[in-house]
Every structure is written in structure tokens, then in C-alpha cells.
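# Overview (structure and organization)
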Amino acid sequence: MNLDGFTLITFILWIAIIGWAIWELIQYFRRKNAASVVSKEEFKQNMRRSQIVDVRGKDEFDAGHILGARNIPYLQMKQRANELRKDQPIYLYDEKKALSGRAAIVLKKEGYKDLYILKGGYADWDGKIKRKKIV
């Protein structure tokens, strides 16, 4: 098989694109198996009996978060997972829901089972919020 430079580059790009698509598909199913996505109505209904975790960074959390939520940024989730109880449901959210899915995968690996993600994330939240006062 005689490949010129252009054909070889095209072939390599297609392999990379197919590899990336397979990786994204695997990650999608890992997130789907790690946690259930719930509507904001279901989130509001069950939030009093659960642990609410905002996985965004501290600055975003301080700018505004769901009332009653604690902040465990996704980048610290593996180190701080032991702060969460395994016997209570955990409701995760971020700005949309990308980081929440990743955080759910980390928590599932750590042995947590009752995991939920807020559909639409904080961006779609219309319930009570809290903002840190600027002094």
C-alpha cells in the first residue's frame, strides 16, 4: 500500500477522531452508570434528606450557591470524598452538569452508591440560593 503524505495525515486524523469519539462514548456511559440525573423539582423535594455538593470552584461557590450546599470542588473530590456520608444520598451540581458527572464517577469508585445530578445544573436553578457577603 503506497500512501502519500496527505493520505497518511488524513488516515491518522480519522483514527484520532474515531478514538476520541469512542472515549467520549465510554465516558458518557460511565457517568450515566455512576449517577441518576434528576429534575430541579425532584432535587428540591429530596434535598432536605440528602447531602448537597457543589463541585464548582470556591470563587463560583461564593458568588452564589444552592442554599444548604457544601463546596467540594471537583479537583479536590478524590482527596475530600471522606467528608461525605455513604449512608445518605448525595446530590451533585455544577454550572451545567459536566463536572458533576465526573465527580459522580470519582465517588462511585470510592464506594458511594446513592448519587444524583441536578439536570441543567446551577444555571437552571430557580430555588433558594445563598451568596457570600463581600466585606
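Now for a quick tour of the structure. Given the structure is predicted, the values throughout are model-derived calculations rather than measurements. (Residues numbered from 1 in each chain as written. Predicted model: local features only at pLDDT ≥ 70, side-chain atom pairs only at ≥ 80, totals over all residues. Heavy atoms only, no water.)

With that settled, consider the pairing of strand β5 (residues 90–93). Residues of β5 alternate between two faces, with I90 and L92 on one and Y91 and Y93 on the opposite face, all of them buried. Relative to β5, strand β2 (residues 51–54) runs parallel, the two being bridged by 4 bridges. In the strand pairing of β5, V53 is matched with L92. (Buried < 20%, exposed > 50% of the residue type's maximum accessible area, 1.4 Å probe, protein only. Helix = DSSP H or I, 4+ residues; strand = E, 2+ residues; numbered from the N terminus. Pairing = 2+ DSSP bridges.)

Let us now look at the side chain of D62. Here D62 is to be found in helix α3 (residues 58–63). Not counting chain neighbours up to four residues away, the residues in contact with D62 comprise R131 and K132. (Contact = heavy atoms within 4.5 Å.)

Attention now goes to the packing of aromatic side chains. One pass over the structure, following the stated rule, counts 5 aromatic pairs. With a centroid separation of 5.2 Å and an interplanar angle of 90°, the aromatic rings of F43 and Y91 are classed as edge-to-face. Here the residue F43 occupies a position in helix α2 (residues 40–46), and Y91 occupies one in strand β5, the gap between them amounting to 48 residues. Considering the side-chain rings of F43 and Y93, the 6.5 Å spacing of their centres and the 85° angle between planes classify their relative orientation as edge-to-face. Taken together, the positions of F43 in helix α2 and Y93 in strand β5 put the pair 50 residues apart, joining distant regions of the chain. Grouped by ring-pair contacts, the aromatic residues F43, Y91, Y93, Y116, Y122 and W125 constitute a single cluster. (Phe/Tyr/Trp six-rings, centres within 6.5 Å; stacked < 30°, edge-to-face > 60°.)

Of all hydrophobic cores here, the largest spans 18 residues; its most connected members are V53, M77, I90, L92 and L107. Sorting the residues of this core by element identifies β5, α5 (98–109) and β6 (115–118) as the ones contributing at least two each. The element that contributes the greatest number of residues to this core is α5, accounting for 5 residues. Setting aside residues no more than four positions away along its own chain, L92 makes contact with F43, V53, V55, S100, A103, A104, L107, Y116, I117 and L118. (Core = buried A, V, L, I, M, F, W, Y, C linked by side-chain atoms within 4.5 Å.)

This part covers the sheet that holds strand β4 (residues 70–71). Strand-to-strand pairing in sheets goes through backbone hydrogen bonds, with the strands running parallel or antiparallel. One open sheet accounts for 5 strands, arranged β1-β6-β5-β2-β4; its pairing is parallel. Edge positions in the open sheet fall to β1 (36–38) and β4, since each of these has one partner strand only.

Another point: the packing of helix α1 (residues 5–34) against α5. α5 packs onto α1 with a crossing angle of 65° between their chain directions and a minimal axis gap of 8 Å. It follows that α1 is roughly perpendicular to α5 by the angle criterion. Note that α1 runs across α5; the crossing there is left-handed. Between α1 and α5, the residues in contact are Q27, R30, R31, N33 and A34 and A98, G101, R102, A104, I105, K108 and K109, respectively. For the contact of α1 with α5, the per-class residue count stands at 4 nonpolar, 3 polar and 5 charged. (Axes fitted to C-alpha atoms, helices over the stretch in contact; angles between N-to-C directions. Parallel < 35°, antiparallel > 145°, perpendicular 65-115°, else oblique. Left-handed = near helix turned anticlockwise from the far one by under 90°. Nonpolar A, V, L, I, M, F, W, Y, C, P; charged D, E, K, R; others polar.)

With that out of the way, let us pick up the pairing of β2. Here β2 shows no split at all, with Q51 and V53 on one side and I52 and D54 on the other all buried. As defined by bridge partners, β2 adjoins β4 across 2 bridges and the pair is classed as parallel. Across the sheet, the residue bridging to D54 is N71, located in β4.

On to the environment of V55. Within the secondary structure, V55 sits in the loop between β2 and α3. Given the relative accessible area of 1%, V55 is considered buried. Separated by 18 residues in the primary sequence, V55 and P73 have C-alpha atoms spaced 4.2 Å apart. Residues within four places of V55 in sequence aside, it is in contact with I72, P73, Y74, M77, L92, Y93, D94, L99, S100 and A103.

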